[in-house]
Amino acid sequence: MDMKLELVSVPVSDVDRSIAFYRDQAGFNLDQDHAVNDELRFVQLMPPGSACSIAIGKGMSTKAPGSVEGLQLVVADIEAAREELAGRGVDVTDVSDFPWGRFVFFSDPDGNGWAVQQIPTYQ
């Protein structure tokens with residue numbers, strides 16, 4: 001049986017500000033923005049090339065905005081990923097090298113923490 005992780009909820013305080021960050025700065029695709037009523041709004045964004053989206057919105061979570069850590073994207077070229085994110089205005093760290101990969105880190109406007117990893121090649 002296949003089990004596919006396809007949606008992760010990310011709590012935010014300002015939906016429109018978060019859409020602007022994830023779409024315009026992080027480069028995610030805006031797949032859905034649906035207001036059910038004044039208290040419930042569902043927004044789905046997907047990183048380019050990913051099969052898993054994030055969900056942000058209003059009335060969707062009891063978690064505090066900015067409380068999610070450990071969200072991780074995987075790329076083939078960490079230098080290019082860092083350059084693209086920085087060029088889009090994301091406050092991204094310098095590249096850090098670890099035995100388990102090369103990383104950069106950034107946070108969304110609420111402080112939800114992201115890692116971008118280039119997995120090492122083993123020979």
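The structure under discussion appears in the preceding block.
Draft legend 1. Up close: the sheet that holds strand 3 (residues 40-46). Strand order in the open sheet formed by four strands is 1-4-3-2, with mixed pairing between adjacent strands. Both outer strands of the open sheet, strand 1 (7-9) and strand 2 (29-37), are each paired with one neighbouring strand and no more. Averaged over all pairs of adjacent strands, the angle between their axes in this sheet comes to 25°, without regard to strand direction. Across three bridges, strand 1 lies against strand 4 (residues 53-58) in parallel orientation. Its bridge partner being in strand 4, leucine 7 is matched across the sheet by serine 53. In the packing of helix 1 (residues 15-25) onto the sheet, the strands contacted are strand 2, strand 3 and strand 4, and the crossing angle to strand 3 comes to about 5°.

Draft legend 2. Molecular detail of the sheet that holds strand 8 (residues 113-118). Taking strand neighbours across the sheet as the criterion, the four strands line up as 5-8-7-6 in an open arrangement whose pairing is mixed. If you trace the sheet from one side to the other, it starts and ends with strand 5 (71-75) and strand 6 (96-98), each paired once. Taking the axes of each pair of neighbouring strands and ignoring which way they run, one obtains an average angle of 30° across the sheet. Looking at chain direction, strand 5 and strand 8 are connected through five bridges and run parallel. Directly across from leucine 73, in strand 8, lies its bridge partner valine 116.

Draft legend 3. Molecular detail of the pattern of salt bridges. In the structure shown here, the tally under the stated rule is eight salt bridges. A salt bridge links aspartate 16 to arginine 41; the nearest nitrogen and oxygen atoms lie 3.0 Å apart. One end of the pair, aspartate 16, is in helix 1; the other, arginine 41, is in strand 3, with 25 residues separating them in the sequence. Residue class for arginine 41 comes out buried when judged on its relative accessible area of 18%. Glutamate 79 serves as the salt-bridge partner of arginine 102, at 2.9 Å between the closest nitrogen and oxygen.

Draft legend 4. Expanded view of the side chain of aspartate 108. Mapping aspartate 108 onto the fold places it in the loop between strand 7 (101-107) and strand 8. No salt bridge is formed by the buried aspartate 108, whose closest oppositely charged neighbour, arginine 17, lies at an N-O distance of 6.7 Å. A distance of 2.8 Å separates a polar atom in the side chain of aspartate 108 from a polar atom in the side chain of asparagine 112. Excluding residues that lie within four positions of it along the chain, aspartate 108 makes contacts with Val10, Val12, Phe21 and Tyr22.

Draft legend 5. Just the nonpolar core, in detail. Residues Tyr22, Phe28, Ile54, Ile56, Phe106, Trp114 and Val116 are the most contacted members of the largest nonpolar core, which totals 24 residues. For this core, the element with the highest residue contribution is helix 1, accounting for four residues. Excluding anything up to four places from it in sequence, phenylalanine 106 contacts Phe21, Leu85, Val90, Asp91, Val92, Asn112, Gly113, Trp114 and Val116.

Here is what the cut-offs are and how they apply
Residues numbered from 1 in each chain as written. Predicted model: local features only at pLDDT ≥ 70, side-chain atom pairs only at ≥ 80, totals over all residues. Heavy atoms only, no water. Pairing = 2+ DSSP bridges. Helix = DSSP H or I, 4+ residues; strand = E, 2+ residues; numbered from the N terminus. Axes fitted to C-alpha atoms, helices over the stretch in contact; angles between N-to-C directions. Contact = heavy atoms within 4.5 Å. Salt bridge = Lys/Arg side-chain N within 4 Å of Asp/Glu carboxyl O. Buried < 20%, exposed > 50% of the residue type's maximum accessible area, 1.4 Å probe, protein only. Lys, Arg positive; Asp, Glu negative; His and termini not counted. Polar contact = N/O pair within 3.5 Å; in protein donor to acceptor, adjacent residues only side chain to side chain. Core = buried A, V, L, I, M, F, W, Y, C linked by side-chain atoms within 4.5 Å.

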